[in-house]
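# Working through the structure, step by step
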Amino acid sequence: MTYYHKYSLLLIENFAGAFPTWLSPEQVAVIPVSDKYVDAAKELYEKLDSEGLRVKLDDSNATVGYKIRNAQMLKIPYMIVIGEKEIETKKYNVRTREGNTVEDLELEDFIKTIKEEIKNRSLKLSY
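## Details of a negative patch on the surface
Together, Asp39, Glu43, Glu46 and Asp49 make up a region of like negative charge exposed at the surface. With respect to the helices and strands, glutamate 46 occurs in helix H2 (residues 38-50).

Here you go:
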């Protein structure tokens, strides 16, 4: 067993797969409420991606509840569910993999907070 393999296993075991944001393979999941919001979700995905975040867009035909559960099972630290209200107000509800929700969050504030969390290699989620 190589040096890196031993420490990889130790990290996986220690975090039980729920890696801190800076170490997580996917940091944010963008979840449209329905097919009519997929274009807005793609725009949000591209914005987060351009900011250097590792993002997943779940544009499947599954229900919102299933998409959220799936993101939680994948242990993605943050989820943004996007629908009509979010498009109109440009404010987002951010949900964590633990089930906490922060409502009416400005996208720039979210990005700034997550980037700070990544930069500081925080072991805890900011929200």
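## A short note on the layout of surface pockets
Each pocket or cavity is described by its volume, and for the largest pocket that value is around 160 Å³. Element by element, the count of residues in the lining of the largest pocket is highest for H2, at 4 residues. Of the residues that constitute the lining of the largest pocket, the class distribution is 6 nonpolar, no polar and 3 charged.

## A few points about the sheet that holds strand E3 (residues 78-82)
Pairing within the open sheet is mixed, and its 5 strands lie in the order E2-E1-E3-E4-E5. In the strand order of this sheet, the two ends are held by strand E2 (55-57) and strand E5 (101-106), each with one partner. Direction aside, neighbouring strands of the sheet carry axes that sit 25° apart on average. As paired strands, E3 and strand E4 (residues 91-96) are joined by 4 bridges and run antiparallel to one another. By the bridge assignment for E4, valine 81 is matched with asparagine 93. Packed onto the sheet, helix H5 (residues 107-119) meets strand E1 (28-32), E3, E4 and E5 and runs at close to 115° relative to E5.

## Some thoughts on the side chain of serine 24
Relative to the helices and strands, serine 24 resides in the loop between helix H1 (3-15) and E1. Accessibility expressed as a relative area gives 3% for serine 24, which makes it buried. A polar contact of 2.7 Å, which involves the side chain of serine 24, links it to the backbone oxygen of glutamate 26. Those residues within four positions of serine 24 in sequence are excluded, and the remaining contacts are Phe19, Arg54, Lys75 and Pro77.

## Quick notes on the environment of glutamate 103
Note on placement: glutamate 103 falls in strand E5. Judged by its relative accessible area of 55%, glutamate 103 is exposed. Taking the C-alpha atoms as reference points, glutamate 103 and tyrosine 92, 11 residues apart in sequence, are found 6.4 Å from one another. Setting aside its immediate chain neighbours within four residues, glutamate 103 contacts Tyr92 and Asn93.

## Concerning helix H3 (residues 64-73)
All buried positions along H3 are accounted for by Lys67, Ile68 and Ala71. Each buried residue of H3 lies within a common arc of 100° when the element is viewed along its axis, so the set occupies one face. Against the buried residues of H3 lie E1, E3 and E4. Where H3 terminates, the next one or two residues include lysine 75, which has phi positive at roughly 60°.

## Comments concerning H5
Here H5 contains 13 residues, and its C-alpha end-to-end distance of 18 Å stays within 8% of the 18 Å for a straight helix at 1.5 Å per residue. Residue arginine 121 follows H5 closely and has a positive phi angle near 50°.

## A short note on the pairing of E5
When E4 meets E5, the two strands line up antiparallel, connected through 4 bridges. Each bridged residue has a counterpart across the sheet, and for tyrosine 92 the counterpart in E5 is leucine 105. In textbook terms, the turn of a hairpin is the stretch between consecutive antiparallel strands, and for E4 and E5 this stretch comprises 4 residues, one of which, glycine 99, has a positive phi near 100°.

Parameters and conventions
Residues numbered from 1 in each chain as written. Predicted model: local features only at pLDDT ≥ 70, side-chain atom pairs only at ≥ 80, totals over all residues. Heavy atoms only, no water. Patch = residues over 30% accessible without salt bridge, like charges linked within 9 Å, V, L, I, M, F, W, Y side chains within 5 Å. Areas by Shrake-Rupley, 256 points an atom, 1.4 Å probe, with all protein chains shown as cover. Salt bridge = Lys/Arg side-chain N within 4 Å of Asp/Glu carboxyl O. Lys, Arg positive; Asp, Glu negative; His and termini not counted. Charge placed at Lys NZ, Arg CZ, Asp CG, Glu CD. Helix = DSSP H or I, 4+ residues; strand = E, 2+ residues; numbered from the N terminus. 1 Å grid on protein atoms, 1.4 Å probe; cavity = no way out; pocket = protein on both sides within 12 Å on 5 of 7 lines; lining within 4 Å. Points joined across faces, edges and corners; volume = space filled by probe spheres on them. Nonpolar A, V, L, I, M, F, W, Y, C, P; charged D, E, K, R; others polar. Pairing = 2+ DSSP bridges. Axes fitted to C-alpha atoms, helices over the stretch in contact; angles between N-to-C directions. Contact = heavy atoms within 4.5 Å. Buried < 20%, exposed > 50% of the residue type's maximum accessible area, 1.4 Å probe, protein only. Polar contact = N/O pair within 3.5 Å; in protein donor to acceptor, adjacent residues only side chain to side chain. Arc of directions from axis to C-beta. Expected span 1.5 Å × (residues − 1).

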